[in-house]
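Spelled out from the first residue to the last, the chains are:
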Amino acid sequence: MTDTNGNFPFEAFLDDYYAEADEHLTLIRQTLMSVESHLQETAMTPEKPMAPALINDLFRSFHTLKGLSAMVGLKTAETIAHHVENFLRILSQEKIPLTRENLSTLVQGTRMLETVIAAKREGTALPNMEASIENLREQLPLKSIDPKKDPGTGIETHETLPKTEHQQESQEEKPLWRFTFFPTQELSKKGIDVNHIRDRIEKNGRLIQATPQIAVDGKVFFEFLVATDQDSSAFEPWTKEGVRFEPYENPTKPERSETGKVALSLPGDTEKPNATEETFPESISVGPSNVVRVHLNHLDAIMQRVGDLVISRSRLENGIRALENRLPGMEYNLLQETHLAMERQLRDLREGIMRLRLVPVSDIFTRMQFVIHDLAPKYEKKVHLEMVGKDTEIDKFVVERMMDPLLHLVRNAITHGLEPETERIQKGKSPQGKITLRASTEGDAVLVEVADDGRGIDLDAVGKRAMELGLQETAAAPDMQHLLRHICSPGFSTQQEADLGSGRGVGMAVVFKAVQDLGGFLSVQTTANHGTRFRIRLPLTLAIVDALIVKSADQIFAVPQPSIREVVELNPGKVTEMENNELLPHRGGVIPLLRLSSLFGLPTMAENERVVLVVGEGTEMMGIAVDRVLSKREIVVRALDDPLVMVPGIVGATELGDGRAVMILDTVGLVYGSSGTSSITPLKQ
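J.: Please clarify how the overall build of the protein chain should be interpreted in this entry.
T.: Broken down by element type, the protein chain carries 20 helices and 25 strands. Buried positions account for 45% of the 685 residues belonging to the protein chain. Summarising the internal contacts of the protein chain: among those between residues at least 6 apart in sequence, 69% fall at separations of at least 24.

J.: Quick question: what am I supposed to make of the pattern of salt bridges here?
T.: For side chains bearing opposite charge, pairing can occur when the charged atoms are close. Under the counting rule described, the total for this entry stands at 38 salt bridges. Glu246 is the partner of Arg178 in a salt bridge, and the nearest nitrogen-oxygen pair spans 3.1 Å. Separated by 68 residues along the polypeptide, Arg178 in strand E1 (residues 176-181) and Glu246 in strand E4 (residues 243-247) bring together distant segments of the chain. By relative accessible area, which is 6% here, Arg178 ends up buried. Glu609 serves as the salt-bridge partner of Arg595, at 2.6 Å between the closest nitrogen and oxygen.

J.: Which parts of the structure should I look at to understand the pairing of strand E14 (residues 544-552)?
T.: Burial runs high along E14: eight of the nine residues are buried. Pairing of E14 with strand E22 (residues 628-636), which is carried by eight bridges, proceeds in the antiparallel orientation. Looking at the pairing, Ile549 lines up with Ser631 of E22.

J.: I tried to follow the sheet that holds strand E18 (residues 581-586) on my own but got confused; where do I start?
T.: Each strand in a sheet pairs with another by means of backbone hydrogen bonds, the pair being arranged parallel or else antiparallel. Spatial strand order, E16-E20-E21-E19-E18-E17: six strands in an open sheet with mixed pairing. Each having just a single partner strand, strand E16 (564-569) and strand E17 (576-578) make up the two edges of the open sheet. Averaged over all pairs of adjacent strands, the angle between strand axes in this sheet comes to 40°, irrespective of strand direction. The pairing of strand E20 (residues 611-615) with strand E21 (residues 622-626) spans five bridges and is classified as antiparallel. Note on E21: the bridge partner recorded for Leu613 is Ile624.

J.: Can you help me understand helix H8 (residues 194-203) in this one?
T.: Along an α-helix, residues three or four positions apart point the same way, because every turn accommodates 3.6 residues. Among all positions in H8, only Val194, Ile197, Arg198 and Ile201 are buried. When H8 is viewed along its axis, its buried side chains cluster within an angular range of 100° and face the same direction.

J.: Would you explain the packing of helix H2 (residues 52-71) against helix H14 (residues 403-417) in this entry?
T.: When two helices pack together, their arrangement is given by the angle between their axes and by how far apart the axes lie. Axis separation between H2 and H14 bottoms out at 11 Å; the angle between their running directions is 75°. By the criterion of interaxial angle, the relationship of H2 to H14 is roughly perpendicular. Every residue of H14 that contacts H2 at His63, Thr64, Lys66, Gly67, Leu68 and Met71 is listed here: Met403, Asp404, Leu407, His408 and Arg411. Tallied by class, residues from the contact of H2 with H14 come to four nonpolar, four polar and three charged.

J.: In this structure, what is going on with helix H18 (residues 507-517)? I would like to understand it.
T.: For H18, the buried fraction is high: eight of the eleven residues fall into the buried class. Among all positions of H18, only Gly507, Met508, Ala509, Val510, Val511, Phe512, Ala514 and Val515 are buried. One or two residues past the end of H18 sits Gly519, with phi positive at roughly 75°.

J.: Which parts of the structure should I look at to understand unusual backbone geometry?
T.: Outside of glycine, negative phi angles account for most residues, and trans bonds account for most peptide bonds. With a phi angle near 55°, Glu380 is a residue other than glycine that sits in the positive phi range. Among the structural elements, Glu380 can be located in the loop between helix H12 (368-375) and strand E8 (382-388). Under the relative-accessibility criterion, Glu380 is labelled exposed at 67%.

J.: Sorry if this is basic, but what is going on with the environment of Arg29 here?
T.: Topologically, Arg29 is positioned in helix H1 (residues 14-41). Taking the C-alpha atoms as reference points, Arg29 and Leu58, 29 residues apart in sequence, are found 9.2 Å from one another. Apart from the residues lying within four places of it in its own chain, the contact partners of Arg29 are Asp22, Thr110 and Glu114.

J.: Even after reading the chapter, I still don't get a nonpolar patch on the surface, so can you show me in this structure?
T.: Taken together, the side chains of Leu644, Val645 and Met646 define a hydrophobic patch exposed on the protein surface, amounting to about 340 Å² of accessible area. For Met646, the location among the structural elements is in the loop between strand E23 (638-639) and strand E24 (650-655).

J.: Any chance you could explain the nonpolar core here in plain terms?
T.: Nonpolar side chains in soluble globular proteins tend to end up buried together. If you look at the biggest cluster of nonpolar residues, it comprises 83 residues, and the most contacted ones within it are Tyr17, Leu88, Val410, Ile435 and Leu522. Ranked by size, the runner-up nonpolar core spans 25 residues in total, among them Val559, Phe600, Val626 and Leu665.

J.: Is there a simple way to explain the pairing of strand E10 (residues 432-442) in this structure?
T.: Moving residue by residue along a regular strand, the side chains alternate between the two faces of the sheet. Pairing of E8 with E10, which is carried by seven bridges, proceeds in the parallel orientation. Bridging across to E10, Val388 finds its partner in Arg438. Alignment of E10 against strand E11 (residues 445-452), held across eight bridges, turns out to be antiparallel. Looking at E11, one finds that Thr441 is bridged to Val446.

J.: Before we go on, may I ask you to explain the sheet that holds E22 in this structure?
T.: Spatial ordering of the open sheet is given by E22-E14-E15-E25-E24-E23, a layout of six strands whose pairing is mixed. This sheet does not close on itself; its edge strands, each paired only once, are E22 and E23. Where E24 and strand E25 (residues 661-665) come together, five bridges link them in antiparallel fashion. Bridged to Glu655 within E25 is Ala661.

J.: Before we go on, may I ask you to explain the confidence of the model for the protein chain in this structure?
T.: A low pLDDT score tells you not to read the predicted coordinates there in detail. The share of residues in the protein chain with pLDDT of 70 or more is 77%, and the mean pLDDT across the chain is 75. Predicted confidence in the protein chain is weakest over strand E6 (residues 262-263), with a mean pLDDT of 36, and strongest over E20, with 92. Every residue in residues 1-9 scores below 50 in pLDDT, and together they form 30 contacts with partners more than four places removed in sequence or on other chains. Here residues 676-685 scores under 50 on pLDDT; set against residues more than four positions off or in separate chains, the count is 27 contacts.

J.: What is the right way to read the packing of aromatic side chains from this model?
T.: Note on aromatic pairs: each is described by the distance of the centres and the angle between the planes. Counted under the stated rule, the structure contains eight aromatic pairs. Plain terms: the ring middles of Phe179 and Phe235 are 4.9 Å apart, the flat faces sit at 85° to each other, and that makes the pair edge-to-face. With a gap of 56 residues between them, Phe179 in strand E1 and Phe235 in the loop between strand E3 (220-227) and E4 connect regions that are remote in the sequence. Accessibility expressed as a relative area gives 1% for Phe179, which makes it buried. Ring geometry for Phe557 versus Phe600: centroids 5.6 Å apart, planes at 20°, classification stacked. Note that Phe557 is positioned in strand E15 (residues 555-560) and Phe600 in the loop between helix H19 (596-599) and E20, a separation of 43 residues in sequence. Take Phe557: its relative accessible area is 5%, and that puts it in the buried class. Taken together, Trp177, Phe179, Phe235, Trp238 and Phe245 form an aromatic cluster joined through their ring pairs.

Thresholds, definitions, all that
Residues numbered from 1 in each chain as written. Predicted model: local features only at pLDDT ≥ 70, side-chain atom pairs only at ≥ 80, totals over all residues. Heavy atoms only, no water. Helix = DSSP H or I, 4+ residues; strand = E, 2+ residues; numbered from the N terminus. Buried < 20%, exposed > 50% of the residue type's maximum accessible area, 1.4 Å probe, protein only. Contact = heavy atoms within 4.5 Å. Salt bridge = Lys/Arg side-chain N within 4 Å of Asp/Glu carboxyl O. Pairing = 2+ DSSP bridges. Axes fitted to C-alpha atoms, helices over the stretch in contact; angles between N-to-C directions. Arc of directions from axis to C-beta. Parallel < 35°, antiparallel > 145°, perpendicular 65-115°, else oblique. Nonpolar A, V, L, I, M, F, W, Y, C, P; charged D, E, K, R; others polar. Patch = residues over 30% accessible without salt bridge, like charges linked within 9 Å, V, L, I, M, F, W, Y side chains within 5 Å. Areas by Shrake-Rupley, 256 points an atom, 1.4 Å probe, with all protein chains shown as cover. Core = buried A, V, L, I, M, F, W, Y, C linked by side-chain atoms within 4.5 Å. pLDDT = per-residue confidence, 0-100. Phe/Tyr/Trp six-rings, centres within 6.5 Å; stacked < 30°, edge-to-face > 60°.

Following this line, the structure appears as structure tokens:
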């Protein structure tokens, strides 16, 4: 998916970029308000450092905005976000006091980002931010940053900052020409295609705009607006290659159409062409007539109503069950048949609505091309992106929240994983590195993988860095389970100096948190000189899911079925203890055993626990012991937002039709909590 010059069309994803940028800017503004409240609470004590949680939230948002801006080619926004990152890093690492002046600097950076992104969205000239960026950089203590080691912290000059439209117009005095190219199969066989024509045009002038158009006969042609001082005689030979040209007189400012696209007013567009003259085809706006765009909030509202129907059906089922011995057999059977028909129809309705929410994962896979397009040249690396299973469909909500994790994983693959061309040749590898994005479905779950064929993770370097940060006692190379735990810790990075692409220890923390929030599992496999593979397992949807209803002691719990690998019988004689932990043999290995009753402090006997739910992925797999499995039901997931009722190990609540709330187990939290990635301690009644 490239434009007429072989580059990626940044404009194709601008709408998604604006939506995600608004989300991060909103979070930044909310966090800055918390920072201001923090200042007031500390009575503006200059010695008081900024709260780590606040600075981490700001860091993640600015870091993500930097990556997103780089993807769509908005270099000015990328540069601003990068400088604010440096400022936050100094506040955090060097414990610079939190003052009103520091807060003003962060607000200044935020407003600069808002201004640049708003100008891009509105189609107006990008403001000249060089003076503001220089002012922002002056706020950084010079002793804290060595521009020679971190060139990204230096102010970009007129040569490196992108010129604004206003600057281009003010400097341009050359005549403007309108070129139109009509590709044909005959021309293509001669090697004359859009790229060939565009290269020729750029050698004879400055290309201002290139736009694909659709003619009234349905054929595609390409329109170029060029500033050049060449004489028209230089363009005459091009007419034999499908190129037409005419002077572009009295250009008007681009106007934004109702569809949000920028349209140029061209001479002769409003006049009927002379029949004896060679004419240009008329451009028309086309679009699929059988597609209706619906706001996601409307689908959420419908899904909410379906959830209410699921609960009502559960109540009806309980009522019918109570009438079994009170109604004559024929009447009861008729009532039961009606109920079963309603159950099937309700499931079909739910699946139909879910299909409306599903979008192909290619929506985010394709955008990763921009990451490679932006970073690979900066690191002097050649990268090929392979996408497998890009037609796999996931809930739109899940897809939007997978954008950040994939962004950071791909950036890490380029900056950390893939070797430079010369190093790859020395190792006998192809000069071009490969990054593979793979998606597939497995039951009610979707699997997403990000793999590279690079050098692999340096386990010795990870072990040494983990010891320096106090994550482990020795510098020994960690196993896969501890490796994932270390690299996902906030601030962890084996890179000594941060640059524009990586080195701040933010990316993997963002990945882990996003996957965990989605109820998914993250695993990693790495082999020296062969590459690294990150595997993400996610539920297809988060609203209504099938679940196993289990019992532990006298409590009933719901466990989402997509998170369960298998259900096995618990043999107490095969359970062994090691360092106060119980281990259970499983498929040629062992997995940790967590007793649900012990976690929540429920009174029960060990012999009552007869079933094990195997959950997790790869090295993070574990078993959860419960008394028994009662049934399989459709449940409506209700999130717990009140901090007073939020407890580790519980992701939400549901109702099974009897009016009582049933807690939904957070298998992700249980798995990572037991391995030390997050803190879960036994709860007492």
